[in-house]
Structure formats: structure tokens, C-alpha cells
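Each chain, letter by letter, is given below.
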Amino acid sequence: MFEADTNYPIRRHFAFAQNYTSVARNVAFTVRWIATVGNYDYLFDYTFFYDGAIEVSVRASGYISVAYFAEYYDYGFKIHDALSGALHDHVMTFKVDLDVLGREHSVQKVEVVRATVEYPWSAGKARKTMKLEKTFITHEDKSGIPWAPNDAAMYAIVNTDSPNKYGEYPGYRIKRDTEPRAADWVNTYDVENPLVDFAKFLDGESLEQEDLPNTDMTSAHSAMRLEPLNYLLNDPSIQTSQQVRVNHTSGEVETFDAQMANCSVNFVSLKTISLEKRTS
């Protein structure tokens, strides 16, 4: 477990009228573990951000999977005298069970759609614009998501029983289910009849205020990010001391009680330890 700077601020703004700049460091907390499976090591990171976002990422490293090179150039690259880098894929399945102000949730789809609208101020002329189209996916057999081009739609798990004070449904962009897991490690031994078949999860169950699966698939680096949707009423990062505010008129720098690191490093001792390790 560790904290680390992400190398970009979580927020920054130059207030022209007030003549100041405010910027906050984006320090994230990460829980990391590593699993060795066959010829690969998989590094799993669960990263938590100031704004309530959660990211799960997986990186793979290890010895590549090879096959005998038999002049089949369509199935890999020749990497040695008689070896081919075998064409294959890695499927990462993430299952998330996240309670958002309760255990009952619904699946909401929010899509950006094109629209032509005549407004009271448009002098009788129709204007081309865009709108948010909000709908709910009510049954599992309709929950297979064909991701919209250009990220023009998002899917969120929301709690319709607990709207916030503005009437919006709080939630996260995530799906959930009651099944204990979305896959099994022995599935590879019988791909036609897997022990846990994810396709059977989409069996027509209701998705209205139920306990709802989430799957992302990619290759050596796979990540899934969960972001709050109408869940927070303000920006929690404003409470951090890891920020500064620079007044361009007076030159004053406000540090919000942040404490500068003041530990010293004894380089002579470090050099001595290094020499002892070399001679031992």
C-alpha cells in the first residue's frame, strides 16, 4: 500500500478576475498485489483518487507463450530458429459489488444525442444542438452493452430510492450481479462448457433496483475506472492540504498548512552500506 503523485494535478484554475492561480496535487492511494499464473506475473492495482474515482488496473509481464514455427506466418512472428510467438489473447474480467447509498440499484443509460430544436429566442429558426437522453435498462437480456462511438453514452448504477437534494440519482458507472464470480480458472480446460459461463448471467432478470456484472476485456494492460455520478455535491479535493494558491498581485503563496519534508539523508552512511554489500 502506498501513496504516489500521478504527475498531473487533480485540478487547476487561473481566476482572471481575481488574479490568482489555484492548483492541487493529484495524490492517489494504491493497494497493489501480484499473482503469478503460469508464465506470467500479473500486477493488480486498486487506486483511489481524491474525487471519489476508483481505478482497477492489471499489467502482465513474463515469458512469452511460444509455439513451433511451421511456416504459419498468419499466427505469429518468427522469434528464433524454430519458434514462433504464438498469437493469443488475455481476457480480464472484473466483477464489482459496490453499494451506493443502499443495496438496491438500477442501470441508467445517459446518451448524448443530436437534436434540432426551435427555441423561444431563436426567432422561428430551428437550431442544431445536442441533448442528454436518459433511459433505464430494465432487464438483463438487454444489458449487453454495445459501447457508443466517441464515448457518446455512459452507463451507471444509480440508486433511484435516494436522489440527492437536486433530484438527481447518485451512482457510479458500474454494473453488479448476485453471482459469486464472473469466471473460473478451470474454464480454460473446457471452453465449450465452462464451469462459470458469463453469458448465462444475462438471463432476463430484472435490473430495476436490484443487486446488479461488469466486464472489461483487453490485453497486457487492462484498466477499469469507476467515477461518481451525481454522488458528491462538491469537490472533495478542496479539503486537501496538497495545494497552493498564488496571488499574482501580491505574490503571496498560500499553502493551506501543508508541511514541507524536512528529513535529512546521510549520504556517507548510504555509501558505506553500499560498499559493505559489494564486499559481502
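Each residue is numbered by its place in its chain's sequence as written, counting from 1. Where local features are concerned, this predicted model is filtered to residues with pLDDT of at least 70; where side-chain atom pairs are given and counted, the filter is 80 or more; whole-chain, interface and lining totals use all residues. Side-chain descriptors were evaluated using all non-hydrogen atoms of the structure, hydrogens and water having been removed beforehand.

Under an unreviewed UniProt entry, the name given to the protein chain is Amine oxidase, and the source organism is Paraphaeosphaeria minitans. UniProt positions are given in the numbering used here, feature names are shortened, and annotations may be inferred rather than shown by experiment. UniProt, in its Sequence similarities (unreviewed entry) section for the protein chain, records the words "Belongs to the copper/topaquinone oxidase family."

Participant: Just give me the short version of the environment of I34, but keep the residues and values in it.
Facilitator: Going along the chain from the N terminus, every DSSP run of H or I of four or more residues is numbered as a helix, and every run of E of two or more is numbered as a strand. Residue placement: I34 occurs in strand 4 (residues 27–37). Residues I34 and V58 lie 24 residues apart in sequence; the distance between their C-alpha atoms is 9.4 Å. Residues are treated as being in contact if the distance between any of their heavy atoms lies within 4.5 Å. Residues contacting I34, with those up to four places away along its chain left out, are D41, Y42 and L43.

Participant: Talk me through the pattern of salt bridges; I want residue IDs and the actual numbers.
Facilitator: We count a salt bridge whenever a side-chain nitrogen from Lys or Arg sits within 4 Å of a carboxyl oxygen from Asp or Glu. Scanning all chains against the criterion turns up four salt bridges. For the salt bridge of D5 with R25, the shortest nitrogen-to-oxygen distance reads 2.9 Å. Of the two residues, D5 is situated in strand 1 (residues 2–5) and R25 in the loop between strand 3 (20–24) and strand 4; the sequence distance between them amounts to 20 residues. Per-residue accessibility, obtained with a 1.4 Å probe over protein chains only, is compared with the maximum for each type, and a residue is labelled buried under 20%, exposed over 50%, and partly exposed between these values. Judged by its relative accessible area of 33%, D5 falls in the partly exposed class. Residue R25 is classed as partly exposed on the basis of its relative accessible area, which comes to 40%. Between K109 and E111 there is a salt bridge; the shortest N-O distance is 3.4 Å.

Participant: Hey, could you go over the sheet that holds strand 11 (residues 126–137) for me, with residue numbers and the actual values?
Facilitator: Pairs of strands are assigned from DSSP output, requiring at least two bridges between the strands. If you trace the five strands from one edge of the open sheet to the other, you get 11-10-12-13-15, paired in antiparallel fashion. What marks the edges here is a single partner per strand, and that holds for strand 11 and strand 15 (228–229). Strand direction decides the pairing type here: strand 13 (residues 171–172) and strand 15, joined by two bridges, are antiparallel. Looking across to strand 15, one finds that Y172 is bridged to P228.

Participant: Provide a residue-level description of the packing of aromatic side chains, including the pertinent values.
Facilitator: Two aromatic rings, drawn from Phe, Tyr or Trp (for Trp, its six-membered ring), form a pair once their centres lie within 6.5 Å of each other, and the interplanar angle then sorts them: stacked below 30 degrees, edge-to-face above 60, tilted otherwise. Evaluated as defined, the whole model comprises seven aromatic pairs. Aromatic pair W33 and F44: ring centres 4.4 Å apart, planes at 10 degrees, arrangement stacked. Taken together, the residues W33 in strand 4 and F44 in strand 5 (residues 40–48) connect sequence positions eleven residues apart. Placement of a positive charge over a ring is assigned whenever Lys NZ or Arg CZ falls within 6 Å of the ring centre and within 35 degrees of the normal to the ring plane. The aromatic ring of Y20 is capped on one face by R245, whose charged end is 3.7 Å from the ring centroid.

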